[in-house]
Amino acid sequence: MHENVIVYFQGSYVRLEDAKLPVLTHALHYGTGVFEGIRGYWSEREKEIYLVRPEDHYARWKANCRILGIEPAPSPAELTAITGELIRRNRFETDIYVRPLAYMSSPRIGVRPDGKSSFAIVAVPFGVYLPSEGGIHAGVVSWRRLEDTAIPCRAKICGAYVNSVLATMEAHAHGYDEAILLNEDGHVAEGATCNIFLVRNGQLLTPPPSDNVLEGITRACVMELARRQLKMDVAERGIDRSELYVAEEVFFTGTAVEIAPIVRIDHRQVGNGSVGRVTERLRHLYHQATRGMMPAYAHWLSIPRPLAPQVWVRR
Ligand code: PMP
């Protein structure tokens, strides 16, 4: 899998199979890494890859790395340039997914951090993550979303994704396409790897970050598109589980899932059981905006440029 891919690892561009870590690496044992996920869409017309809000992703990554005290030195602009160089070296002519990972790197036993960390950036060809064209079936699982007082969900902390993995295992065992997690208060939090939105009485609703959700960048895009393009009222507020059953429309958002309509929840039909009108319109707008077809949102996109040499010196 992913043969001949070049990755950015320990300050150099190397082949993926050469980017190896010792088995005692702190992050492997204790989950002490922070990752990101960025999409790049190939434009056949422009023969370019558009990265979607890379500097926002890198700014979030750097901020969240501070929670673990492992912030990578390059600025979001420099990290975007490194990613551009990675894309150039890989000669991708397809949609891609970029996975930055910062991690505590000491190869020794013991929880206490010793200040050593490193980071890698991997980019691979990537298509549809969650097939959702006609809508998916989601289910509320028995695992609760992690509390900010245990492991903060606003950061993509490696160890926190055990929560998402357990939720996904249960959802799949029950025949659902994706999990919905409630937080400890019983409010709807998010999917295993995506934020959630509801349409109720024409209003677009999503849980606030204080309900233990990732502050999703797709979530921010969707709120902006709904307000600016659809002139909708958008609110971040606590959402009860039962509201999922009475909502007109429900959908997930995320870099990987994009906009995934949910047409069944816990074996109950959502709305009329087909993809809702608001969801359909937002999906279309998001698709157009992220593929460079809406000039008003061109600022979301970044075309990778070859790298100035001073940016990729070993740090
Ligand atoms: N929630 C979780 C738990 C996620 O892992 C993701 C994916 N990054 C999201 C929400 C969506 O965030 P974004 O739109 O920034 O990809």
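Above this text is the structure in question.
What you are looking at is a predicted structure, and each value in this text was computed from that prediction instead of being measured.

(A) Quick look at the overall build of the protein. Along the backbone of the protein there are seven helices and 17 strands. A compact globule built from 315 residues should have a C-alpha radius of gyration of about 20 Å, and the protein, at 20 Å, falls within 12% of that. Counting the 315 residues in the protein, one finds 52% classified as buried. For the protein, long-range pairs separated by at least 24 residues make up 69% of all intrachain contacts whose partners lie at least 6 apart in sequence. In the structure as shown, the protein presents an accessible area of about 14,200 Å², 53% of it carried by carbon and sulfur atoms. Considering the protein, the positive charge centre built from 36 side chains and the negative charge centre built from 36 side chains are found 4 Å apart.

(B) Quick peek at a nonpolar patch on the surface. Taken together, the side chains of Val23, Leu24, Leu28, Tyr30, Ile109 and Val111 make up a nonpolar region of the molecular surface, amounting to roughly 620 Å² of accessible area. For valine 23, the location among the structural elements is in the loop between β2 (12-15) and α1 (26-30). Accessibility expressed as a relative area gives 64% for valine 23, which makes it exposed.

(C) Local environment of helix α3 (residues 76-90). The terminal C-alpha atoms of α3, which comprises 15 residues, lie 21 Å apart, in line with the 21 Å expected from a rise of 1.5 Å per residue. Within α3, the full set of buried residues consists of Pro76, Leu79, Thr80, Ile82, Thr83, Gly84, Glu85, Leu86, Ile87 and Asn90. Of the residues one or two after α3, arginine 91 is the one with positive phi, at around 50°.

(D) Broad picture of the site of the ligand. Taken together, 17 residues lie around the ligand, and Lys156, Tyr161, Glu190, Thr218 and Thr255 are the ones closest in. Measuring from a nitrogen atom of the ligand, one finds a backbone N or O atom of cysteine 194 at 3.5 Å. Look at the ligand: alone it shows 380 Å² of surface, and the protein chains cover 96% of it. Elements that contribute at least two residues to the shell around the ligand include exactly α2 (54-68), α5 (217-228) and β14 (249-254).

(E) View of the packing of aromatic side chains. Tallied over the full model, the rule gives nine aromatic pairs. An angle of 35° between the planes, with centres 5.7 Å apart, marks the rings of tyrosine 8 and phenylalanine 119 as tilted. A residue pair is termed long-range when its members are at least 10 positions apart, and tyrosine 8 in strand β1 (residues 6-9) and phenylalanine 119 in strand β7 (residues 117-125) qualify at 111 residues. Comparing tyrosine 8 with phenylalanine 119 shows no difference in burial state: the two are buried. Connected via pairs of aromatic rings, a cluster forms that spans Tyr8, Tyr13, Tyr58, Trp61 and Phe119. Over the face of the ring belonging to tyrosine 13 we find arginine 89, whose NZ or CZ atom lies 4.2 Å from the ring centre. For arginine 268, the ring lying beneath its charged end belongs to tyrosine 245, and the centroid distance is 4.1 Å.

(F) Just the packing of α2 against α3, in detail. At a minimum axis separation of 8 Å, α2 and α3 run at an interaxial angle of 120°. With respect to their mutual orientation, α2 and α3 come out oblique. α3 is crossed by α2, and the crossing has right-handed handedness. Mapping the contact onto sequence places Pro54, Glu55, Tyr58, Ala59, Trp61 and Lys62 in α2 and Pro76, Ala77, Leu79, Thr80 and Thr83 in α3.

(G) Spotlight on the side chain of threonine 290. Within the secondary structure, threonine 290 is located in helix α7 (residues 277-290). With a relative accessible area of 0%, threonine 290 lands in the buried category. Here tyrosine 286 takes part through its backbone oxygen, which lies 2.7 Å from a polar atom of the side chain of threonine 290. The contact partners of threonine 290, leaving out residues within four places of it in the chain, are Tyr41, Tyr50, Val52 and Leu301.

(H) Looking closely at the environment of alanine 167. Its location among the elements puts alanine 167 in helix α4 (residues 161-173). A relative accessible area of 0% means that alanine 167 is categorised as buried. Once the C-alpha coordinates of alanine 167 and arginine 145 are considered, the two residues, 22 residues apart in sequence, prove to be 9.0 Å apart. Those residues in contact with alanine 167 that sit more than four places away from it in its chain are Val141, Trp143, Ala179 and Leu181.

Here is what the cut-offs are and how they apply
Every chain is numbered on its own, with residues counted from 1 as its sequence reads. Only residues with pLDDT of at least 70 are given local features in this predicted model, and only at 80 or more are side-chain atom pairs given and counted; all residues enter the totals for whole chains, interfaces and linings. As a rule here, side-chain values come from all non-hydrogen atoms in the structure, and water together with hydrogens is ignored. Per the convention used, a helix needs a DSSP run of H or I reaching at least four residues, while a strand needs a run of E reaching at least two, with both numbered from the N terminus. Radius of gyration here uses only the C-alpha atoms, and the compact-globule reference equals 2.2 Å multiplied by the residue count raised to the power 0.38. Burial classification: accessible surface area is computed with a 1.4 Å probe over protein chains only, and a residue below 20% of its type maximum counts as buried, one above 50% as exposed, and the rest as partly exposed. Only heavy atoms matter for contacts: two residues are in contact if any of them lie within 4.5 Å across the pair. Using the Shrake-Rupley algorithm and a 1.4 Å probe, accessible areas are obtained, with residue cover drawn only from the displayed protein chains. The charge count includes Lys and Arg as positive and Asp and Glu as negative, but it does not include His or the ends of the chains. In plain terms, the charge of a residue is placed at NZ if it is Lys, CZ if Arg, CG if Asp and CD if Glu. Surface patches are defined over residues having more than 30% relative accessible area and no salt bridge, joining like charges when they lie within 9 Å and nonpolar side chains (Val, Leu, Ile, Met, Phe, Trp, Tyr) when within 5 Å. Every case where a carboxyl oxygen of Asp or Glu lies within 4 Å of a side-chain nitrogen of Lys or Arg is listed as a salt bridge. Expected helix span is given by 1.5 Å per residue-to-residue step, counting one fewer step than there are residues. Nearness here has a simple test: a residue counts as near a molecule or strand if at least one of its heavy atoms is within 4 Å of that partner. Polar contacts, as counted here, are pairs of nitrogen or oxygen atoms within 3.5 Å of one another; within protein the pair requires one atom able to donate a hydrogen and one able to accept it, and residues that are adjacent in sequence qualify only if both atoms are side-chain atoms. Each pair of aromatic rings taken from Phe, Tyr and Trp, with Trp reduced to its six-membered ring, is defined by centres within 6.5 Å and is described as stacked if the planes are under 30 degrees apart, edge-to-face if over 60, and tilted in the remaining cases. To sit over a ring, a charge needs its Lys NZ or Arg CZ within 6 Å of the ring centre and within 35 degrees of the ring normal. Every angle, taken between N-to-C directions, lies between 0 and 180 degrees, and every axis is a line fitted to C-alpha atoms, over only the stretch in contact when it is a helix. What sets the label is the angle itself: under 35 degrees gives roughly parallel, over 145 gives roughly antiparallel, 65 to 115 gives roughly perpendicular, and the rest give oblique. Two helices that cross are described as forming a left-handed crossing if the nearer one is turned anticlockwise from the farther one by less than a right angle, and a right-handed crossing if clockwise.

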